[in-house]
Amino acid sequence: HRTECDLRGEENYFFRLSRYQGDIERLLEDNPGFIRPEARRNEVLGWVKDGLRDFSISRAAVEWGIPVPDDESQTVYVWFDALLGYVSALLEAGEGLESAAAKGWPAAVHICGKDILRFHCVYWPAMLLSAGLPLPGGVYGHGFLTKDGLKIGKSL
């Protein structure tokens, strides 16, 4: 989008991504085909080697979104919840995550755009590891679709 950024300060809940530094490094070293094409893999390897930093998973004072349990002042970041949707979409109401394996999880390959590689190749595997769930067989990061030199997407 073409909107100027607004700097803000707020207290949030964080995911301890740094805890999974070794796990993510081993995943990428032991499975060189996990991220394709190779140019995308190299980009992700660079981020990982720079050190994984904890990240915010909630927002303060946002009226829309899913409230953080036991804390009305926070809502879950929409992308954090959206990633879990890849697994929970397979389940019927009331079914636990342990039922996902019988319904098609993990995916053989996870496909995403190159602008969200960090979410799908670093954050998402760490979240799955944290939950004790299996990882997808791999991730394919595709390029952008463009029209008149501009990326086609939700905001443009």
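None of the values given here were measured: they were computed from a predicted structure. (Residues numbered from 1 in each chain as written. Predicted model: local features only at pLDDT ≥ 70, side-chain atom pairs only at ≥ 80, totals over all residues. Heavy atoms only, no water.)

Concerning unusual backbone geometry
Next up, step 1: With an omega dihedral of -10 degrees, the bond running from Arg 36 to Pro 37 counts as a cis peptide bond.
Next up, step 2: Of note, Pro 37 is situated in the loop between strand 2 (35–36) and helix 2 (38–49).
Next up, step 3: Trp 105 connects to Pro 106 through a cis peptide bond whose omega is 10 degrees.
Next up, step 4: Relative to the helices and strands, Pro 106 is located in the loop between helix 3 (78–88) and strand 7 (110–113).
Next up, step 5: In this model, Asp 70 sits at a positive phi of 65 degrees, which is unusual for a non-glycine residue.
Next up, step 6: Positionally, Asp 70 belongs in the loop between strand 5 (67–68) and strand 6 (71–76).
Next up, step 7: The backbone of Asp 148 shows a phi angle near 55 degrees, a positive value even though the residue is not glycine. (Helix = DSSP H or I, 4+ residues; strand = E, 2+ residues; numbered from the N terminus.)

Focus: the packing of aromatic side chains
Next up, step 1: Considering all chains together, one arrives at 12 aromatic pairs under this definition.
Next up, step 2: When the ring of Phe 15 is compared with that of Tyr 20, the centres are 5.8 Å apart and the planes differ by 15 degrees; the resulting orientation is stacked.
Next up, step 3: Taking the relative accessible area as the measure of exposure, Tyr 20 reaches 10% and is therefore buried.
Next up, step 4: Centroid distance Phe 55 to Tyr 123: 4.0 Å. Interplanar angle 20 degrees. Geometry classified as stacked. Of the two residues, Phe 55 sits in strand 3 (residues 55–56) while Tyr 123 sits in helix 4 (residues 117–131), which places them 68 residues apart along the sequence. Considered together, Phe 55 and Tyr 123 belong to a single accessibility category, that of buried residues.
Next up, step 5: Among the aromatic side chains, those forming a connected cluster through ring pairs are Phe 15, Tyr 20, Phe 55, Tyr 77, Trp 79, Phe 80, Phe 119 and Tyr 123. (Phe/Tyr/Trp six-rings, centres within 6.5 Å; stacked < 30°, edge-to-face > 60°. Buried < 20%, exposed > 50% of the residue type's maximum accessible area, 1.4 Å probe, protein only.)

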